[in-house]
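# Tertiary structure, described
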Amino acid sequence: MRLLVENIAELVGIRPAGVERLCGAEMAELPSIRDAWLLADDGRIAAFGPMPVPADITADVTVDAEGGMLFPSFCDSHTHLVYAGSREQEFLDKINGLSYEEIARRGGGILNSADRLHETSEEELYAQAMERIREIVAKGTGSVEIKSGYGLTTEDELKMLRVIRRIRETAPLTVRSTFLGAHAVGRAYAGRQSEYVDMVCREMIPAVAREGLADFVDVFCDEGFFTTEETARILRAGAEYGLVPKIHANELAVSGGVQVGVAHGALSVDHLERMDDEAIEALRGSRTMPTMLPGAAFFLGMSYPPAREMMRAGLGVALASDYNPGSSPSGDMKTVVSLACIRMRMTPAEAINAATLNGAYALGLSHECGSITVGKRADFFLTRPMPSVAFFPYAYTTPLVHRAFLRGREVVA
């Protein structure tokens with residue numbers, strides 16, 4: 001099918017082929033064309049340019065953008081959106097002054113979600129997750145990573161990953177799957193963390209690999225969770241089965257997780273609320289994408305990652321939602337972009353690049369999505385008319401995403 005979009009007020013995020021990611025000062029550049037059109041053919045971007053549409057361009061479907069802007073779809077590279085129920089009681093606990101760590105020590109947090117997931121069928125997990133998928137697609141997300149990590153037993157981790165596989169097969173957006181058995185120590189192994197790590201390496205990872213259920217392996221390498229030595233062991237075990245590392249690091253403390261991630265070729269290191277010069281230096285010259293989750297910092301009342309310091313050091317950064325029931329119960333990437341601008345002092349151009357092309361890089365998909373590039377998938381959204389690109393994060397609660405298109409077809413929520 002050939003889809004033509006015309007009367008676009010501004011076509012945002014144009015890149016030539018071959019640009020994998022943006023680093024340092026490059027992040028401030030957001031090329032665009034005003035008063036534009038775009039042609040998609042067989043799900044791929046075929047051509048674009050300034051109005052009027054050339055006479056030789058034909059299409060099966062023509063869409064009038066009505067003066068709205070066109071952006072590449074968001075690429076959300078860190079979520080936990082397969083989960084059972086909700087955790088609003090912990091929300092009240094936080095209001096009453098308990099910290100993330102205190103809630104976890106009382107048996108809440110990740111272990112609470114693991115208990116609920118154990119009692120929930122695959123069918124119900126899938127139904128709940130698909131409601132969230134429809135929500136994020138309508139809000140402009142076109143590619144998403146989904147982690148396990150609320151199972152904490154082999155059987156329940158596999159259950160989560162099978163649900164993610166079913167989402168991948170049935171949802172309109174592109175899905176990448178991450179095995180996060182080392183999200184916390186399962187209740188049955190309380191006080192026996194080293195034995196739990198043994199089980200992750202010797203039982204869980206081989207079982208995940210036998211069914212081909214994951215693209216990535218992740219570890220919560222942070223104070224009170226898994227050590228750098230344990231993390232390295234799990235990453236080595238994953239590498240034996242072709243699982244690419246991604247790391248939770250430096251959310252609660254300067255943990256060394258960034259350095260162990262870089263040393264093992266992690267595609268991304270995520271969270272980074274607590275960074276020091278050594279962690280930033282470790283990322284310089286690496287292929288690892290630092291990924292920041294301002295929704296979690298907002299919801300937990302924590303400090304925000306030092307985005308400006310990382311970009312001044314020449315690093316690229318990505319933004320993701322961390323959609324999960326305990327610390328970031330939202331997958332709204334427009335809000336993530338707004339928080340990055342408001343609280344992390346990123347410019348609108350930097351934040352949009354971090355949520356699109358650099359997010360695609362952190363998914364291993366920047367050759368396929370994340371920018372308006374001939375040959376890439378036609379994943380984009382149209383906004384309502386607005387005065388400038390900067391208005392998009394400025395109007396932080398206004399529902400500006402008007403219509404979403406994935407693989408050149410409109411997706412109706």
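The structure we're discussing is the one just above.
A brief look at the structure comes next. Computed from a predicted model, the values in this text were never measured in an experiment. Every chain is numbered independently, its residues counted from 1 as its sequence is written. In view of the model being predicted, local features appear only for residues whose pLDDT reaches at least 70, and side-chain atom pairs are presented and counted only at 80 or more, with totals across whole chains, interfaces and linings using the full set of residues. Based on all heavy atoms of the structure, the side-chain values leave hydrogens and waters out of the count.

## What about the packing of aromatic side chains?
Where two aromatic rings form a pair, the distance of their centres and the angle of their planes describe that pair. Two aromatic rings from Phe, Tyr or Trp, using only the six-membered ring of Trp, form a pair when their centres are within 6.5 Å; if the ring planes differ by under 30 degrees the pair is stacked, by over 60 it is edge-to-face, and anything between is tilted. Applying the stated criterion to the full structure yields 12 aromatic pairs. Relative to Y323, the ring of Y83 has its centre 6.5 Å away and its plane inclined at 70 degrees; by these criteria the two rings are edge-to-face. You can see Y83 sitting in the loop between β6 (74–76) and α1 (88–95) and its partner Y323 sitting in the loop between β13 (318–319) and α12 (333–344), a full 240 residues away along the chain. Across the pair, exposure class does not vary: Y83 and Y323 are buried alike. Here the aromatic cluster, defined as three or more aromatic residues joined through ring pairs, consists of F71, F74, F381 and F392. Positioned above the aromatic ring of F392 is the side chain of K334, whose terminal nitrogen or guanidinium carbon lies 5.5 Å from the ring centre. Only DSSP runs of H or I with at least four residues qualify as helices, and only runs of E with at least two residues qualify as strands; both kinds are numbered from the N terminus onward. Each residue gets one of three labels from its accessible area relative to the maximum for its type: buried under 20%, exposed over 50%, partly exposed in between, using a 1.4 Å probe on protein chains only. Geometrically, a lysine NZ or arginine CZ counts as sitting over a ring once it is within 6 Å of the ring centre and also within 35 degrees of the ring normal.

## A closer look at the layout of surface pockets
Space inside and on the surface of the protein is sampled on a 1 Å grid over the protein atoms alone, with a cavity defined as a set of points where a 1.4 Å probe fits but cannot get out and a pocket as an open set with protein on both sides within 12 Å along at least 5 of 7 lines; lining residues have an atom within 4 Å of a point. Grid points are joined across faces, edges and corners, and a volume is the space filled by probe spheres set on the points. Taken as a whole, the largest pocket spans an internal volume of roughly 430 Å³. Contributing to the lining of the largest pocket are 22 residues, with A104, R105, A184, G224 and F225 lying nearest its centre. Of all the elements in the fold, those that place two or more residues in the lining of the largest pocket are α2 (100–105) and α3 (110–118). Of all the elements, α2 adds the most residues to the lining of the largest pocket, at four residues. Looking at the second largest pocket, its volume works out to about 260 Å³. If you go around the second largest pocket, you meet 17 residues; those closest to its centre are G295, F298, S330, T335 and L339. Top contributing element to the lining of the second largest pocket by residue count: α12, with six residues.

## Quick look at the pattern of salt bridges
For salt bridges, the criterion is a side-chain nitrogen of Lys or Arg within 4 Å of an Asp or Glu carboxyl oxygen. Tallied over the full model, the rule gives 21 salt bridges. As a salt-bridge pair, R377 and E368 come within 3.2 Å of each other at their nearest N and O atoms. Note on R377: relative accessible area 5%, which makes it buried. Under the relative-accessibility criterion, E368 is labelled buried at 16%. Via salt bridges that share partners, R44, E368, R377 and D379 belong to a single interconnected network.

## Looking at the environment of G140
Its location among the elements puts G140 in the loop between α4 (122–138) and β7 (141–147). Using a relative accessible area of 2% as the deciding quantity, one classes G140 as buried. Spatially, the C-alpha atom of G140 lies 19 Å from that of L39, the residues being 101 residues apart in sequence.

## Some words on a nonpolar patch on the surface
A cluster of nonpolar side chains, contributed by F91, L92 and I95, occupies part of the molecular surface with about 290 Å² of accessible area. Note on placement: I95 falls in helix α1. Think of a patch as exposed residues, more than 30% relative accessible area, with no salt bridge, where like charges cluster within 9 Å and nonpolar side chains (Val, Leu, Ile, Met, Phe, Trp, Tyr) cluster within 5 Å. Computed with a 1.4 Å probe, the accessible areas rest on the Shrake-Rupley method; for each residue, only the protein chains presented here act as cover.

## Quick notes on helix α5 (residues 154–170)
With 17 residues, α5 extends 24 Å from end C-alpha to end C-alpha; this agrees with the ideal 24 Å at 1.5 Å per step. Among the residues making up α5, those that are buried are T154, D156, E157, L158, K159, M160, L161, V163, I164 and I167. Taken together, the buried residues of α5 touch α3, α4, β7, β8 (174–182) and α6 (193–210). The span you would expect from a helix comes to 1.5 Å times its residue count less one. For this analysis, residues touch if any pair of their heavy atoms sits within 4.5 Å.

## Quick word on empty space enclosed by the protein
Counted under the stated rule, the structure contains three cavities of 30 Å³ or more. Looking at the second largest cavity, its volume works out to about 50 Å³. Around the second largest cavity sit G13, R15, L22, L30, P72, I352, N353, T356, L357, G370 and S371, which together line it.

## Let's talk about the sheet that holds β8
If DSSP finds at least two bridges between two strands, the strands pair. With parallel pairing, the eight strands of this open sheet are ordered in space as β6-β7-β8-β9-β10-β11-β12-β13. In this open sheet, the two strands that pair with only one neighbour each are β6 and β13. As judged from the six bridges shared by strand β9 (residues 216–221) and strand β10 (residues 244–249), these two strands associate in the parallel manner. Across the sheet, F216 pairs through a bridge with V244, a residue of β10.

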